[in-house]
Amino acid sequence: MVATLGFHDPPVEAARAFRAAMSALARPGRIERVAGATPPAPLSPAAGVLLLTLVDADTPLHLADAADCPAVRDWLAFHTAAPLVAPAEAAFALGRWEALQPLDAYPRGLPEYPDRSATLIVELDRLTAEGAELEGPGIATRAALSLPDRAAFRANHAHFPLGLDFFFTCGDRLAALPRSTRVL
Amino acid sequence: MSEAGYNFAYLDEPTKRMIRRAILKGLAIPGYQVPFASREMPMPYGWGTGGVQVTAATLVPEDTLKVIDQGADDTTNAVSIRRFFQRVAGVATTTRTAQASVIQTRHRIPETPLAEGQILVYQVPIPEPLRFLEPSETETRKMHALEEYGLMHVRLYEDIARHGAIATAYAYPVQVEGRYVMDPSPIPKFDNPKLKSAAIQLFGAGREQRIYALPPHTRVVSLDFEDHPFDPAKADAPCALCGATGAYLDEVVVDDAGGRLFVCSDTDYCETRRAEGRVGAAAE
């Protein structure tokens, strides 16, 4: 039964989902729509699509609080086989903003390998292209995004090139904030 | 429709996921070389195995693909990569820069400015700009970590001391967002100013197993000195076929008496201009 809740045509649907995720991460503040997955509650469809597209047995995943329920665990075990771990070993983490805290629990990468860092998928109730003003790679002049916090993302950027990267999901929409973005 | 028996875009799904994760890290840390587990591809190293893997992980069925080799759409390398993706991904192909959504390139950036939403994939032979100065990967990693780029400036300075000018004409090193020094792949330095672009730029090095990236509008600065500013040199002649003066030109020997012509290296740019009725000296 769980099988029907994943991608119907994984190669093509994952390709479209990745294009949306890449466009969002390459242009912070831009909101993309994704489709193809019907994950169990409390996961949003966008978070489900991101997990199916990016996570597998090679990527340890941390589920924060409410996201860590039997339905989600079963769905992820069936579709991704990702090992579930504590924040310190996570390559990806999923949950609501408050549940994912504290951010310094996740790997930020090493000076020689800043890519060995976690990507956090943050579930939000509201996602709009307004609020905190953003500057940096991927942004022509200025962009904005309804971030759940500002100080935390400024502190994260201060570690650049180390740091965490974020995807924000709400319903079937997603946006992203890489560590390179300056939050004004 | 793509060829039966192949997964969409040739690579298997776990491989594409691994490459996609590397691309995302590359975009999050512009200019940093992300290691990835490069696969054997049905072509030899040096023919664009890195670019092909990045393109395969990026393509969607709705894409229109353009492939160029030194600016030309009709060379062996460009034709075979274009046919490869036609066959295994079933995507549309074009030679028109403006109509392409994904462009894979070997050693050129198209003359027509790229637009928001386009993706440029580079084939990279040696991704490490410091490699010829320091052969050890452990050491170059440390140099990038410590932002220790003095050696690169010494190399450019030695050029000035010896030749009176910076002699590097291609693969001219750049600094990305004031942080990582990056090899822009062996594009002529004439193309360096075009690295600041509205398109997403992805770099794949198959043999060296590295992926790096530039998000749109990323600040990219060619390394230079205050008293020897960067100079994107070009041939001092217009294109003999279309008369273009602002394009990168190839020098072509036309007979055995020393006759030569300068023609656009970007075939699509040159053909478009000629179709608009612009004529160069040799075509009159």
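Right above here is the structure, for reference.
Residues numbered from 1 in each chain as written. Chains lettered and ligands numbered in written order. Predicted model: local features only at pLDDT ≥ 70, side-chain atom pairs only at ≥ 80, totals over all residues. Heavy atoms only, no water.

Student: Could you give an account of the sheet that holds strand S6 (residues 174-176) of chain B, with specific residues and numbers?
Tutor: Residue and element names in this part refer to chain B. With respect to topology, 3 strands assemble into an open sheet ordered S7-S6-S10, the strand pairing being antiparallel. Looking along the sheet, the strands with just one partner apiece sit at the ends: strand S7 (180-182) and strand S10 (220-222). Each adjacent strand pair in this sheet contributes to an overall mean axis angle of 30°, direction not counted. In this sheet, S10 lies alongside S6 in antiparallel orientation, the contact comprising 3 bridges. By the bridge assignment for S10, Val 176 is matched with Val 220. (Pairing = 2+ DSSP bridges. Helix = DSSP H or I, 4+ residues; strand = E, 2+ residues; numbered from the N terminus. Axes fitted to C-alpha atoms, helices over the stretch in contact; angles between N-to-C directions.)

Student: With reference to specific residues and values, describe the interface of chain B and chain A.
Tutor: Residue-level contacts link 42 residues of chain B with 42 residues of chain A. Considering only the side of chain B, the residues that lose the most area to chain A are B:Arg21, B:Leu24 and B:Lys25, jointly responsible for 19% of the buried surface there. On inspection of chain B and its partner chain A, the count reaches 6 salt bridges. Notably, a salt bridge pairs A:Asp56 with B:Arg17, separated by 2.9 Å at the nearest N-O pair. Viewed at the interface, chain A and chain B are joined by 13 residue pairs in polar contact (both at pLDDT 80 or more). Sorting the residues of the side of chain B that touches chain A by element identifies helix H1 (13-28), strand S1 (34-35), helix H2 (49-58), helix H4 (137-145) and strand S8 (200-205) of chain B as the ones contributing at least two each. With 11 residues, H1(B) is the largest single contributor of residues to the side of chain B that touches chain A. (Contact = heavy atoms within 4.5 Å. Buried area = accessible area lost by both parts, 1.4 Å probe. Salt bridge = Lys/Arg side-chain N within 4 Å of Asp/Glu carboxyl O. Polar contact = N/O pair within 3.5 Å; in protein donor to acceptor, adjacent residues only side chain to side chain.)

Student: Pulling in residues and values, what's your account of the packing of helix H2 (residues 45-54) of chain A against H1(B)?
Tutor: Axis separation between H2(A) and H1(B) bottoms out at 8 Å; the angle between their running directions is 110°. It follows that H2(A) is roughly perpendicular to H1(B) by the angle criterion. Of H1(B), the residues touching H2(A) (which contributes A:Leu52, A:Thr53 and A:Leu54) are B:Arg17, B:Arg20, B:Arg21 and B:Leu24. (Parallel < 35°, antiparallel > 145°, perpendicular 65-115°, else oblique.)

Student: Outline the nonpolar core, listing residues and values.
Tutor: Counting residues in each nonpolar core, the largest one holds 87 residues, and the members touching the most others are A:Met22, A:Phe167, B:Ile23, B:Leu27, B:Phe85 and B:Leu202. If one sorts the elements of this core by residue count, helix H1 (residues 10-26) of chain A sits on top with 11 residues. The residues contacting B:Leu202, other than those within four sequence positions of it, are A:Met22, B:Ile23, B:Leu27, B:Val54, B:Thr58, B:Ile119, B:Leu120, B:Val121, B:Tyr122, B:Tyr212 and B:Ala213. One finds A:Ala90, A:Tyr106, A:Ile139 and A:Leu145 within the second-largest nonpolar core, a separate group that totals 27 residues. (Core = buried A, V, L, I, M, F, W, Y, C linked by side-chain atoms within 4.5 Å. Buried < 20%, exposed > 50% of the residue type's maximum accessible area, 1.4 Å probe, protein only.)

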